[in-house]
Amino acid sequence: GAGVSQSPSNKVTEKGKDVELRCDPISGHTALYWYRQRLGQGLEFLIYFQGNSAPDKSGLPSDRFSAERTGESVSTLTIQRTQQEDSAVYLCASSFSYNEQFFGPGTRLTVL
Amino acid sequence: AQSVTQLGSHVSVSEGALVLLRCNYSSSVPPYLFWYVQYPNQGLQLLLKYTSAATLVKGINGFEAEFKKSETSFHLTKPSAHMSDAAEYFCAVSEGQGGKLIFGQGTELSVKP
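Residues numbered from 1 in each chain as written. Chains lettered and ligands numbered in written order. Predicted model: local features only at pLDDT ≥ 70, side-chain atom pairs only at ≥ 80, totals over all residues. Heavy atoms only, no water.

Here we look at the overall build of chain B
Line of reasoning, step 1. On a plain count of helices and strands, chain B comes out with 0 helices and 11 strands.
Line of reasoning, step 2. If you list the helices and strands of chain B from N to C, you get β-β-β-β-β-β-β-β-β-β-β.
Line of reasoning, step 3. The C-alpha atoms of chain B give a radius of gyration of 13 Å, which matches the 13 Å a tight globule of 113 residues would have.
Line of reasoning, step 4. Expressed along its principal axes, the backbone C-alpha trace of chain B runs to roughly 40 × 25 × 20 Å.
Line of reasoning, step 5. By the burial criterion, 46% of the 113 residues in chain B qualify as buried.
Line of reasoning, step 6. For chain B, the distance from the average position of its 8 positive side-chain charges to the average position of its 8 negative side-chain charges is 5 Å. (Helix = DSSP H or I, 4+ residues; strand = E, 2+ residues; numbered from the N terminus. Rg over C-alpha atoms; globule rule 2.2 N^0.38 Å. Buried < 20%, exposed > 50% of the residue type's maximum accessible area, 1.4 Å probe, protein only. Lys, Arg positive; Asp, Glu negative; His and termini not counted. Charge placed at Lys NZ, Arg CZ, Asp CG, Glu CD.)

Laid out in structure tokens, this is it:
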């Protein structure tokens, strides 16, 4: 019974480059969430996928951020033209229907 | 809009002392409330949740929280702190059992021997 996995665990990139972060949810979980945790701050909601419904993108901070999910499996969060303020830990969580969200270990993104 | 305020970004207690971490929420609908713990270099783990059943909720590791609607609070307590409780604690609210979580800023708990 694997938990939520995320890759890479660490990513260092240069300002202006694009990055892709991957999340593998727990098998069978219909909902998938992305959050961001900047240094010394709480978690900010980014985007939420539930089954085949249209995703809730209300937390995406700019149009440089986008995410996709293939069915009820893997999700990719893409940040285009990265900026230094994008440096954070990006956390993915999944849940079965409307139950507890299980979090992955996160991807630490550093933009130089 | 929903919001969560955690009073005190850092709380320090002695081993064996009472732990009290404060959380106040704002919600226009009956809230679902959660406490998560994040140990160093680990992901978030659910401690407990309130989903409109009993107002006193018991969680893992001896923690409990009481939902007080009149005070819009959901404070986390543990009668006797243990060194292993040192971690960051996050309070969160959602409009339903599903959907996005709105988190507080977090409270870092230190436990002194």
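Brief notes about the overall build of chain A
Line of reasoning, step 1. Looking only at helices and strands, chain A features 0 helices and 10 strands.
Line of reasoning, step 2. Along chain A, helices (α) and strands (β) appear in the sequence β-β-β-β-β-β-β-β-β-β when read from the amino end.
Line of reasoning, step 3. In terms of overall dimensions, chain A is globule-like: its C-alpha atoms have a radius of gyration of 13 Å, near the 13 Å expected for 112 residues.
Line of reasoning, step 4. Across its three principal directions, the C-alpha atoms of chain A cover 40 × 25 × 25 Å.
Line of reasoning, step 5. Residues classed as buried in chain A amount to 46% of the 112 residues present.
Line of reasoning, step 6. A separation threshold of at least 6 residues defines the contact pool for chain A, and within that pool the share at least 24 residues apart is 55%.
Line of reasoning, step 7. Accessible surface, chain A: about 5500 Å² in total, of which carbon and sulfur atoms supply 46%. (Contact = heavy atoms within 4.5 Å. Areas by Shrake-Rupley, 256 points an atom, 1.4 Å probe, with all protein chains shown as cover.)

Digging into the confidence of the model for chain A
Line of reasoning, step 1. Overall, the predicted model of chain A reaches an average pLDDT of 92, with 98% of residues at or above 70.
Line of reasoning, step 2. Predicted confidence in chain A is weakest over strand E9 (residues 102–103) of chain A, with a mean pLDDT of 92, and strongest over strand E7 (residues 75–79) of chain A, with 98. (pLDDT = per-residue confidence, 0-100.)

As for the interface of chain A and chain B
Line of reasoning, step 1. Counting from both sides, the interface comprises 18 residues of chain A and, opposite them, 15 residues of chain B.
Line of reasoning, step 2. In this assembly, chain A packs against chain B so that about 1400 Å² is buried in total across both faces, 54% of it on carbon and sulfur atoms.
Line of reasoning, step 3. Joining chain A to chain B, the criterion identifies 4 residue pairs in polar contact (both at pLDDT 80 or more).
Line of reasoning, step 4. Listing elements by their share of the side of chain A that touches chain B, those giving two or more residues are strand E4 (31–37) and strand E5 (43–50) of chain A. (Buried area = accessible area lost by both parts, 1.4 Å probe. Polar contact = N/O pair within 3.5 Å; in protein donor to acceptor, adjacent residues only side chain to side chain.)

A word on the side chain of Thr 13 of chain A
All names here are of chain A.
Line of reasoning, step 1. Counting through the fold element by element, Thr 13 comes out in strand E2 (residues 10–13).
Line of reasoning, step 2. The exposure class assigned to Thr 13 is buried, which follows from its relative accessible area of 7%.
Line of reasoning, step 3. Ignoring anything within four residues of it in the chain, the contact list for Thr 13 reads Val 19, Thr 82, Leu 109, Thr 110, Val 111 and Leu 112.

A look at the layout of surface pockets
Line of reasoning, step 1. As a volume, the largest pocket reaches approximately 710 Å³.
Line of reasoning, step 2. Taken together, 33 residues make up the lining of the largest pocket; nearest its centre are Gln 37, Val 89 and Arg 108 of chain A together with Gln 38 and Glu 88 of chain B.
Line of reasoning, step 3. For the lining of the largest pocket, the secondary-structure elements that each account for two or more residues are strand E8 (88–95) and strand E10 (107–111) of chain A together with strand E9 (87–94) and strand E11 (107–112) of chain B.
Line of reasoning, step 4. Here the lining of the largest pocket gets 4 residues from one element, more than from any other, and that element is E10 of chain A.
Line of reasoning, step 5. Along the lines of polarity and charge, the residues of the lining of the largest pocket split into 12 nonpolar, 17 polar and 4 charged. (1 Å grid on protein atoms, 1.4 Å probe; cavity = no way out; pocket = protein on both sides within 12 Å on 5 of 7 lines; lining within 4 Å. Points joined across faces, edges and corners; volume = space filled by probe spheres on them. Nonpolar A, V, L, I, M, F, W, Y, C, P; charged D, E, K, R; others polar.)

Looking at the pattern of salt bridges
Pairs can form between side chains of opposite charge once their charged atoms are near each other.
Line of reasoning, step 1. As enumerated under the stated definition, the model contains 6 salt bridges over all chains in all.
Line of reasoning, step 2. Measuring nitrogen to oxygen at the nearest pair gives 2.8 Å for the salt bridge that ties Arg 64 of chain A to Asp 86 of chain A. Note that Arg 64 of chain A is positioned in the loop between E5 and strand E6 (65–69) and Asp 86 of chain A in the loop between E7 and E8, a separation of 22 residues in sequence.
Line of reasoning, step 3. You can call Asp 86 of chain A buried: its relative accessible area is 1%.
Line of reasoning, step 4. The partner of Lys 58 of chain B in a salt bridge is Glu 64 of chain B, and the shortest N-O contact between them spans 2.8 Å.
Line of reasoning, step 5. Taking the relative accessible area as the measure of exposure, Glu 64 of chain B reaches 22% and is therefore partly exposed.
Line of reasoning, step 6. Among the charged side chains, a salt-bridge network with shared partners connects Arg 36, Arg 38 and Glu 44 of chain A. (Salt bridge = Lys/Arg side-chain N within 4 Å of Asp/Glu carboxyl O.)

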